[in-house]
Amino acid sequence: MIQAILDAISLGGTYALAALGLGLVFGVMRLVNFAHAELITISAYILVVTNDLPLLVSFIIAAVVTTLLAVAMELLIYRRLRGTGPAIMLIASFGLSVLLQRVYELIFGALPKSAAIAPWMSGEVKVAGASVTISSIATVVITIVILLIAGYLIERTSLGLQLRAAAIDFKTARLLGVRSNRLIAAAFAISGVLAAIVGFIVVVENPQVSPMYGVNITILALVGIVIGGISSLRGSALGGFMVGVILSLLNTFLGNARVYAYSWLFLLVLIILLVRPGGIMSKANEMERV
Amino acid sequence: MEKIKNISGITRFSLTELFGPILIITAASCLIGFSSASLMLTVQFALCYFVMVLALQVFVGNSGVLSFGHGAFAMLGAFVSGLLTAPVRIKNNALSMTDLLQSIADIQVNLYLSLLIAAIVGGVVAGITGVFLMRLNGLAAGIATFALLGVAYNFFFNNTKFGPGSQALPGVPKFQNLFIPLLLALVALVLVYLLNVSSIGRTLRATREDNLAAPALGINIIRVRRIAFALSGALAGLAGAMYSHVAGTVQVQDYYLGFTFLTLSMLVIGGSGSIWGALVGTLLVISVGQVLLMMEQGKAIFGLSIDLPNGARAIFIAATLVVALLWRSSGVTNGKEFAFPNFKKKSN
């Protein structure tokens, strides 16, 4: 039971981090970045490949590469597409996502690569009489720490203020002196760091990394930011968390019918969207107009 | 003042706009299709993709609302038509279908009737879901339609009562020749063109251009979107059914993410505002893929043989998509309908 609750919270936390990364970028430039999946994947790949190095070194390499890739995406592709409308940017990001998947396939091969990353994490400890895995506790702790840091960054620093302002109204924020290029690049960099952390969390649980490794989590995180409330970062994270918790609970309690967990999740998403088109964090009648 | 936008797809009925694409499709299909057996198959697949892209054009192109849900209607169409036409003997004996409902296993109908049923089922399901979904806008609509695709995929992947589950449905009859899919594609093209020049098509484009002014002029946005969604759902059902009769099998993975995004990319690359854009996008993506495939296999193209390493093809296709969008974000045709090239110097 405790394990089930911890699993739900840790899965929710993972999706919340992925959703936060996606939400940051969406907030500043209305871009649904499908290629976020490939940021998570590259982080996982690098952790697997550099498994011989100490964990910290290996993670730092992964984080640096992932962040550079995220910033490169913005500089080389998304910057040139700014102002073309969300649909075109979304399709472009999907193209980029497929492109990177194929590049990974060329570099790392189509078959999953795996390595035992931080094997001590799969051990179990006794908590209140029940045994739980260390990795689920670690995930919960990491998530809470990162969310606190991100919360501080977003609520208390000038960068965070600019990010929030840009998420609400990008044009006005620019008029008031927010430097758009720098801000957007910063948003991509932070989303890269978050993706690297998500990559670390998921690769500990499932070390079989293949080119499409990050796709599933990204899609669910996307669903999360929409039901949470697209226009607020807090809503994004909350939505991601909810999707993870719901999915985990469905998996635990559906029993044999758990293969249909996704159907129930998506039906729930549909209902939430129909009742609250702007997401849970919005007012009842607020919705995007176009 | 903002410059007046180059509004795409404003059409009055014009024979050029209709017969230009018809001639090009017919000529291209026959010329390429009859040159080799493998190209014949490529052309048939291309025609299925074209019908799907037309379906997307009707709704996504005209209304400007993104839909990932059309893959679900195509999936439904493919399952309906595949299950209705597969021989009774195969359905009762195949290992992958021991759980199939007896009433489905014992039914078999004519290919043409099953295509019609697939289109009707696609249209009805799109019509019913559209009643709810069309209240949404923007990204919420995108994610909601995606949820629809997710439910359909999850259901068909795991359910063995209404299909083969994750396995392939064997024995789906193939089209006997090129002309059946060609004719279907042309019929779809004419229908979509007539729809686009009708009042529904025009009001829909009006809501895309300005969704505050359109209702002020008396347009009921939700109503026109619902109609277009149902009609394009029917076309998507037809496209999925056609695909199953070209492939000779139905597999749920064939209609999921890859299919949805490939067809959406075709539409966006060609220019989502017009039928001509749908055609150009389909032709472009298919031919880039085909040429690269032939290079990979080491075949000579126009006497030129370039050797590509395996795996490079997929990279090139994705790169083409990204580059095409960087180069011309409103699509190769800019959303304009077909017109004969005008070589006269422009006056301005």
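Residues numbered from 1 in each chain as written. Chains lettered and ligands numbered in written order. Predicted model: local features only at pLDDT ≥ 70, side-chain atom pairs only at ≥ 80, totals over all residues. Heavy atoms only, no water.

A short note on the interface of chain A and chain B
Stated formally: The contact rule is simple, with two residues in contact once any of their heavy atoms fall within 4.5 Å. Buried area: the sum, over both parts, of the accessible surface (1.4 Å probe) that disappears when the two are put together. By definition, a salt bridge exists where a carboxyl oxygen of Asp or Glu is found within 4 Å of a side-chain nitrogen of Lys or Arg. In protein, a polar contact means a hydrogen-donor-capable atom and an acceptor-capable atom, both N or O and within 3.5 Å, with residues adjacent in sequence counting only if both atoms are side-chain atoms; elsewhere, any N or O pair within 3.5 Å suffices. The numbering of helices and of strands both runs from the N terminus, where a helix is a DSSP run of H or I of at least 4 residues and a strand a run of E of at least 2.
On the chain B side, the residues contacting the 43 residues of chain A number 37 residues. Interface of chain A and chain B: buried area, both sides summed, is about 3,500 Å²; carbon and sulfur atoms make up 81% of it. On the surface where chain A and chain B come into contact, there are zero salt bridges. Seen at the junction of chain A and chain B, the total is four residue pairs in polar contact (both at pLDDT 80 or more). Elements with a contribution of two residues or more to the side of chain A that touches chain B: helix 3 (55–81), helix 4 (86–108), helix 9 (215–228) and helix 11 (261–275) of chain A.

Considering the layout of surface pockets
Put simply, the test is: A cavity, in this analysis, means grid points on a 1 Å lattice covering only the protein atoms where a 1.4 Å probe fits yet has no way out; a pocket is instead an open set bounded by protein on both sides within 12 Å along at least five of seven lines, and a residue lines either one if it has an atom within 4 Å of a point. Grid points are joined across faces, edges and corners, and a volume is the space filled by probe spheres set on the points. Only Asp, Glu, Lys and Arg are considered charged in this grouping, and only Ala, Val, Leu, Ile, Met, Phe, Trp, Tyr, Cys and Pro are considered nonpolar; every other residue, Gly among them, is considered polar.
Size it by volume and the second largest pocket reaches roughly 1,400 Å³. Around the second largest pocket, the lining comprises 49 residues; the ones closest to its centre are Phe94 and Arg102 of chain A together with Leu257, Gly258 and Leu262 of chain B. Residue assignment for the lining of the second largest pocket shows that the elements contributing at least two residues are helix 4, helix 9 and helix 11 of chain A together with helix 2 (37–63), helix 7 (138–158), helix 12 (257–270), helix 13 (275–296) and helix 14 (312–327) of chain B. Residues of the lining of the second largest pocket, tallied by class, amount to 31 nonpolar, 16 polar and two charged.

Description of the environment of tyrosine 152 of chain A
Residue position: tyrosine 152 of chain A is located in helix 5 (residues 134–156). Along the backbone, tyrosine 152 of chain A and threonine 50 of chain A are 102 residues apart, and their C-alpha atoms lie at a distance of 31 Å.

Let's talk about the nonpolar core
How we decide: To define a nonpolar core, start from buried Ala, Val, Leu, Ile, Met, Phe, Trp, Tyr and Cys residues and group those joined through side-chain atoms within 4.5 Å. For the exposure calls, accessible area comes from a 1.4 Å probe over protein chains only, and a residue counts as buried if that area is under 20% of its type's maximum, exposed if over 50%, partly exposed in between.
Of all hydrophobic cores here, the largest spans 208 residues; its most connected members are Met29, Tyr78 and Leu273 of chain A together with Met75 of chain B. Considering every element that reaches this core, the biggest residue donor is helix 2 of chain B, with 17 residues. Excluding its chain neighbours within four sequence positions, the residues that come into contact with leucine 273 of chain A are Val226 and Ile227 of chain A together with Leu136, Ala140, Ile143 and Ala144 of chain B.

Regarding empty space enclosed by the protein
The gaps of empty space that remain are located by a probe, the size of a water molecule, rolled over the atoms. The final tally for this structure, using the stated rule, is three cavities of 30 Å³ or more. Of the voids in this model, the largest cavity is the one considered here, and its volume is about 80 Å³. Around the largest cavity sit Val32, Phe34, Leu90, Ile219, Leu222 and Val223 of chain A together with Phe68, Leu139, Gly142, Ile143 and Phe146 of chain B, which together line it. Elements with a minimum of two residues in the lining of the largest cavity: helix 9 of chain A together with helix 7 of chain B. Top contributing element to the lining of the largest cavity by residue count: helix 7 of chain B, with four residues. Residue composition of the lining of the largest cavity, grouped by class: 10 nonpolar, one polar and no charged. The computed volume of the second largest cavity comes to approximately 40 Å³. In terms of lining residues, the second largest cavity is bounded by Met121, Ser135, Thr139, Ile142, Phe200, Ile201, Val204 and Glu205 of chain A. At the level of secondary structure, the elements contributing two or more residues to the lining of the second largest cavity comprise helix 5 and helix 8 (180–205) of chain A. It is helix 8 of chain A that contributes the most residues to the lining of the second largest cavity, four residues altogether. Classifying every residue of the lining of the second largest cavity by side-chain character gives five nonpolar, two polar and one charged.

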